[in-house]
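# Structural overview
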Amino acid sequence: MAPDSQKTFYLETFGCQMNVHDSEKVIGTLMSEGYRQVSTVEEAGLILYNTCSIRDKAEQKVFHRLADYKKLQKQGKKFGVLGCVAQQEGDKIFERAPHVSMVCGSASYRNLSAMLVQIEAGKQRVTGLDDRETDECFETEFTARTNPHRGYITIIEGCDKFCAYCVVPFTRGKERSRTSDSVLSESRQMADLGYSEVQLLGQNVNSYKDPAGKKSFAELLAAVGEIPGIRRVRFTTSHPRDFGRDIVEAIDSLSTLCNHVHLPVQSGSTRVLDAMQRLYTRDQYMERITWMKAARREISITSDIIVGFPGETEDDFQETLSLLDEVEYDSIFGFKYSPRPNTPSLKLEDAIPDEEKARRLTVLQERQREIQKRRNQRHLGQVVEVMVEGKNEARGQWIGRTSQNKTMNFKTPEGIFPSTGSYVSIMATVCLPNSLAGEMVI
Ligand code: SAH
Ligand code: SF4
Ligand code: F3S
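Now for helix H1 (residues 17–32). Taking 1.5 Å of rise per residue, the 16 residues of H1 would be expected to cover 22 Å, and the 23 Å separating its terminal C-alpha atoms lies within 8% of that figure. Counted residue by residue, H1 has 12 buried out of 16 residues, so it is predominantly covered. Inspection of H1 places Met18, Asn19, His21, Asp22, Ser23, Glu24, Lys25, Val26, Ile27, Gly28, Thr29 and Leu30 among the buried residues, and these make up the whole buried set. Once H1 finishes, Gly34 follows within two positions and takes phi at roughly 95°, a positive value.

What follows is the structure in structure tokens.
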């Protein structure tokens, strides 16, 4: 048995919601093995980083952290690298950072307990790496969710899309879905524990394929939304190619399904989309937007966009800008193209200089800001329901989130203190590009 001081761990998470949720499962697994989570590296016997490799900057973060804390190795502390950089770099991490004892990709987390036993027994190097063969999901009874009101549930792991620029298919293994029964039973457990919002996660939720053949993705969404106690269901990320009209119909017919869809387009130019291997044209993408705009409920639409993909001309970029005008997104995440290991587009010359990528990104974000400034005005005077997320003491305002996933800052009448996780109605009185503000209506 390791001394008690070694049964403590510190975990820092980088990257997307899938990583955040994986960390909740990792924490639960470690706690069930007798470890205690601590909030500083100094207190910890085991220091873990759950890493992201989506762009080069994200990858570099973990190596900076490892270099910063190398000296702590002398105190007998052990280091572990989890997640996408772990899977991507594998044993090479031991060469670059010899003080690391464990390297484990997300498709191997179900072996985590066994790997920890080996480390405790003094083994210097333990690896868990995926060969894109596994059919298993990381399902655990022990999930240490940090928020008591809304929580994530993974429905599909991995990705089989192989977009030309993207590391995810290499870092997260092949696509594998959980059974709808298991997703529903976890959702019911969460509802019993008092959660009112669940967010169904996958790199590509529209590829969801129930191994038991019982439910399509849209049917699963509806089934989760019908669980007593669940008031909000979100899902991310949708891939345009597999995004079916049945999802829009489900949102229209069930008010517990949030009226927000994140549907990353990446580029407005069909030529670039083709080079990116996104498997849809601009017109096909716009067809999906038309379905959403025709819905009875007003669906907010958000997107991810990459600028400066190899070969993107000024004309291609202008097509992305014109797509912004056509769709009128509620918000976007814009990124400069970053060449990534293993990916097909690594073979293409990354010839657009960083300054030009930065210029395109700024132009993109400015154009979108104007759209949001204008578009958000439609909320003025509307009364919307928000889930209370907390209070900004300095401003004396509460913070909530709408079903459309917008932040709403609001004031309450004298003597009214809504609790975090409760639902209240707010009249929007100020509409800014990135948030709304208003007053509680009783
Ligand atoms: N599964 C999701 C998103 C995964 S990653 C999807 O298919 O849309 C989140 C976003 O990061 C992507 O939508 C893309 O816009 C961006 N991204 C991925 N790889 C990138 C790269 N090599 N360079 C720049 N941005 C990238
Ligand atoms: Fe990456 Fe494409 Fe898969 Fe999304 S769908 S995770 S962008 S390969
Ligand atoms: Fe990053 Fe891996 Fe998510 S690369 S974005 S943590 S799937």
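Having put the structure on the table, let's press on.
On to the site of ligand 3, then. Surrounding ligand 3, one finds Cys16, Asn19, Thr51, Cys52, Ser53, Ile54, Cys84, Val168, Arg172 and Gln203. For the shell around ligand 3, the residue count by class is 5 nonpolar, 4 polar and 1 charged. Shared between two domains, the shell around ligand 3 takes at least three residues from each, and those domains are domain 1 (3–128) and domain 2 (150–376).

This brings us to the sheet that holds strand S12 (residues 260–262). Read from one edge of the open sheet, 3 strands run S12-S13-S14, paired in parallel fashion. Two strands bound the open sheet, and with one partner strand each, they are S12 and strand S14 (331–336). Each strand axis lies, on average, 15° off the axis of its neighbour in the sheet, ignoring direction. Bridging between strand S13 (residues 300–307) and S14 involves 6 bridges; their strand directions are parallel. Looking across to S14, one finds that Ser303 is bridged to Ile332.

This next bit is on the side chain of Ser53. Note on placement: Ser53 falls in the loop between strand S3 (46–51) and helix H2 (56–68). Setting aside residues no more than four positions away along its own chain, Ser53 makes contact with Glu59, Cys84, Val85, Gln88, Val167 and Arg340.

Further remarks concern the nonpolar core. In this structure, Ile155, Leu200, Phe235, Tyr285, Met292, Tyr329 and Leu364 are the most contacted members of the largest nonpolar core, which totals 55 residues. Residue contributions to this core peak at 7 residues, all from helix H8 (residues 217–225). Not counting residues within four places of it along the chain, the set of residues in contact with Ile155 comprises Arg176, Ser177, Arg178, Val183, Leu200, Leu201, Val205, Tyr208, Phe217 and Leu220.

If you check the shell around ligand 2, you find Cys159, Lys161, Phe162, Cys163, Tyr165, Cys166, Val168, Pro169, Gln203, His239 and Arg278 and nothing else. Looking at the shell around ligand 2 residue by residue, the classes come out as 7 nonpolar, 2 polar and 2 charged.

Okay, the side chain of Glu157 next. The residue Glu157 is located in strand S8 (residues 156–157) in this model. Owing to a relative accessible area of 5%, Glu157 belongs among the buried residues under this scheme. Engagement of the side chain of Glu157 in a polar contact is seen with the backbone nitrogen of Phe138, the distance being 2.9 Å. Filtering out sequence-adjacent residues up to four positions away, Glu157 remains in contact with Lys25, Cys137, Phe138, Lys174, Glu175 and Arg176.

This part covers the sheet that holds strand S10 (residues 197–201). What the 3 strands build is an open sheet, ordered S7-S10-S11; its pairing is parallel. The open sheet has two free edges, formed respectively by strand S7 (150–154) and strand S11 (232–236), since each of these has just one partner strand. The sheet shows a mean angle of 25° between the axes of neighbouring strands, taken without regard to direction. Here 5 bridges tie S7 to S10, and the two strands are oriented parallel to one another. The residue of S10 that forms the bridge with Ile153 is Leu200. Helix-sheet contacts for H1 involve S7, S10 and S11, and the interaxial angle to S7 is about 95°. Against the sheet, H8 contacts S10 and S11, and its axis sits at roughly 150° relative to S11.

Analysis parameters
- Residues numbered from 1 in each chain as written.
- Chains lettered and ligands numbered in written order.
- Predicted model: local features only at pLDDT ≥ 70, side-chain atom pairs only at ≥ 80, totals over all residues.
- Heavy atoms only, no water.
- Helix = DSSP H or I, 4+ residues; strand = E, 2+ residues; numbered from the N terminus.
- Expected span 1.5 Å × (residues − 1).
- Buried < 20%, exposed > 50% of the residue type's maximum accessible area, 1.4 Å probe, protein only.
- Near = heavy atom within 4 Å.
- Nonpolar A, V, L, I, M, F, W, Y, C, P; charged D, E, K, R; others polar.
- Domains from an automatic or database assignment.
- Pairing = 2+ DSSP bridges.
- Axes fitted to C-alpha atoms, helices over the stretch in contact; angles between N-to-C directions.
- Contact = heavy atoms within 4.5 Å.
- Core = buried A, V, L, I, M, F, W, Y, C linked by side-chain atoms within 4.5 Å.
- Polar contact = N/O pair within 3.5 Å; in protein donor to acceptor, adjacent residues only side chain to side chain.

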